[in-house]
Amino acid sequence: MRDGEPSSYPSLGKTARLWWRIGCLSFGGPAAQIALMHREVVEEQRWVGEARFLHALNFCMLLPGPEAQQLATYLGWLMHGVRGGLLAGLLFILPGAAVMLALSFLYVTLGRVPAVEALFFGLQCAVLALVVEALLKVARRALHGTLALLLALGAFLALFAFNLPFPLVVGTAMLLGAAFPATFAPAAGAVSASGPPAMIDRLLAEEPGRPQRMARSARRTGLAVLALWAWSVALLMGTGLFGDVAWFFARMAVVTFGGAYAVLAYVAQEAVEHYGWLSAEAMLAGLGLAETTPGPLILVLQFVGFLAGWQQGPVSAVAAALLTLWVTFAPCFAWIFLGAPFIERLHAMPRLRGALAAVTAAVVGVIANLAAWFALRLIFTERTPWQAGPLRLELPVPASLDLAALGLAVLAGIALLGLRMGVAKVLALAALAGLALRLAGG
């Protein structure tokens, strides 16, 4: 406990145990993770107030990277400074990363066993339904007005029909939103607090300069992390596989606005078609595995890095997976430590809100492209290219339609969207259905 903190203020060890529990239980994607965090930190422990929690969440949504992990880092920093932020962010990641590493080994060692292949087939079909569900959720939240709809459609066509680079699409949307903030993001209303003040709110009311006092060490840490991250990527450039892994996932770390689904289309296309690290089927399986693990969904990138390294053996696979984790998540900590002390000032900037709203609208098109990309490879076993000037399409061969894959994907969609079944249950049932179909010769 530091000077100025009440005797009932939670210790670093107590908060670490809470973040570890949240990290182990954070299944179901960012919405479920944020809800779990809210229940634990706001409702049960009363460490952080409702208004401050939501304000912090809005700030994290302005940043590239997984907003739930960054929210945990910010709340940890707010309570215990840099040490608290590092602990909260790391403990949110580590349980899922350990599970994903074990599942990656399972996939590469047993993935060619017919029974295991059948389970992964069912998992892939459910993943397609999950991507469609994510598309609908984001569309309902983001597409308010004709311009937002046109931006989403433009993003889809730019990626699907013209193969434009993903960073270019996101960057263009960001510039449009910043240039026309009132069009994409009307002025945000203030978030009102309710109930008795939480512990951190009482402390900040007594010591309003606390965030500024902690800002110096946060800036130093953020700059140090960013410098170490950039130095490690530069050091590995030109070293073959590890240089490619470091450079590719470092780029992903700075353009992952809109969540994991938004960036996966670009990752899938580059990792599968350009680098040849894994197949489209393996990419689908990796996304399915990430859905079954706690922690950020972006941990699927760890699976991609693992399979990239597996081409050179198990040791390289583990090294590539750890390298992927480092270059993906290190900037997330840097953004928080550099920006958190100025959260109020940043949130009040209308151009930043406009940029975020425009990127969120473009993300709808990006996720639609991901759904189309996965569907073409899962439901049709053969495709043929077609080109007319800058327009380049990959068209399915109708005779190659896989009725089993289509049927399972539709049933998974009905379970998710119609019956409102949980993600874990849908994934498990789809995997078992895939096993039953393949055993029956389907």
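Just so it is clear, the model here is predicted, and its values are computed rather than measured.

Q: Lay out the side chain of Thr15 in plain terms, naming residues and giving numbers.
A: Relative to the elements of secondary structure, Thr15 occurs in helix H1 (residues 12-25). Here Thr15 is in contact with Pro10, Trp47, Met79 and His80, once residues within four sequence places are set aside.

Q: Kindly report on the packing of aromatic side chains, identifying the contributing residues and their values.
A: A full pass over the atoms with the stated rule returns 11 aromatic pairs. With 5.8 Å between their ring centres and 75 degrees between their planes, Phe248 and Trp277 make a pair best called edge-to-face. On the criterion of sequence distance, the pair formed by Phe248 in helix H11 (residues 241-253) and Trp277 in the loop between helix H12 (260-274) and helix H13 (280-292) is long-range, its members being 29 residues apart. Taken individually, Phe248 and Trp277 each receive the classification buried, so the pair is uniform in this respect. Between the aromatic rings of Phe306 and Trp310, the centroid separation amounts to 5.7 Å while the plane-to-plane angle is 25 degrees, which identifies the pairing as stacked.

Q: How would you explain the packing of helix H4 (residues 67-110) against helix H15 (residues 314-339) if you had to name every residue and give the values?
A: Look at H4 against H15: their axes get within 11 Å of each other, and the N-to-C directions meet at 160 degrees. Classified by the angle between their axes, H4 and H15 sit roughly antiparallel to one another. As H4 runs across H15, the sense of the crossing is right-handed. Here the contact of H4 with H15 is built from residues that sort into 19 nonpolar, 5 polar and no charged.

Q: So what's going on with H13? Which residues, and what values?
A: With 13 residues, H13 should cover 18 Å at 1.5 Å per step; its first-to-last C-alpha distance of 19 Å lies within 8% of that length. With 11 of 13 residues buried, H13 is to be regarded as a mostly interior element. Within the sequence span of H13, burial applies to Ala280, Ala282, Met283, Leu284, Ala285, Gly286, Leu287, Gly288, Leu289, Ala290 and Glu291.

Q: Talk me through the nonpolar core; I want residue IDs and the actual numbers.
A: Counting residues in hydrophobic clusters, the biggest one holds 146 residues, and the most contacted among them are Met37, Trp277, Leu278 and Phe374. In terms of residue count, H4 provides more of this core than any other element does, 17 residues in total. Once residues within four sequence positions are removed from consideration, Leu278 is found in contact with Ala271, Val272, Met283, Phe303, Val304 and Leu307.

Q: Pulling in residues and values, what's your account of the environment of Thr221?
A: Looking at the element boundaries, Thr221 is found in helix H10 (residues 210-236). Overall, Thr221 belongs to the buried group, its relative accessible area being 18%. When the C-alpha positions of Thr221 and Leu86 are compared, they lie 10.0 Å apart, and in sequence the two are 135 residues distant. If we ignore the near neighbours within four places in the chain, the residues touching Thr221 are Val82 and Phe337. There is a polar contact of 2.8 Å between the side chain of Thr221 and the backbone oxygen of Ser217.

Q: Any chance you could break down the pairing of strand E2 (residues 391-396) for me, citing the residues and the numbers?
A: Two strands pair when backbone bridges link them, and strand E1 (residues 383-388) and E2 are joined in this way by 6 bridges, in the antiparallel orientation. When the bridges of E2 are listed, Trp386 appears paired with Leu393. Between the end of E1 and the start of E2, which pair antiparallel, lie 2 residues, with Gly389 showing a positive phi angle near 65 degrees.

Q: Which residues make up the environment of Leu401, and what values do they have?
A: Take Leu401: it is sitting in the loop between E2 and helix H18 (403-418). We classify Leu401 as partly exposed; its relative accessible area is 33%. Spatially, the C-alpha atoms of Leu401 and Leu378 are 9.1 Å apart, while their sequence positions differ by 23 residues. When residues no more than four places from it in sequence are discounted, the contact partners of Leu401 are Ile379, Phe380 and Leu406.

Thresholds, definitions, all that
Residues numbered from 1 in each chain as written. Predicted model: local features only at pLDDT ≥ 70, side-chain atom pairs only at ≥ 80, totals over all residues. Heavy atoms only, no water. Helix = DSSP H or I, 4+ residues; strand = E, 2+ residues; numbered from the N terminus. Contact = heavy atoms within 4.5 Å. Phe/Tyr/Trp six-rings, centres within 6.5 Å; stacked < 30°, edge-to-face > 60°. Buried < 20%, exposed > 50% of the residue type's maximum accessible area, 1.4 Å probe, protein only. Axes fitted to C-alpha atoms, helices over the stretch in contact; angles between N-to-C directions. Parallel < 35°, antiparallel > 145°, perpendicular 65-115°, else oblique. Left-handed = near helix turned anticlockwise from the far one by under 90°. Nonpolar A, V, L, I, M, F, W, Y, C, P; charged D, E, K, R; others polar. Expected span 1.5 Å × (residues − 1). Core = buried A, V, L, I, M, F, W, Y, C linked by side-chain atoms within 4.5 Å. Polar contact = N/O pair within 3.5 Å; in protein donor to acceptor, adjacent residues only side chain to side chain. Pairing = 2+ DSSP bridges.

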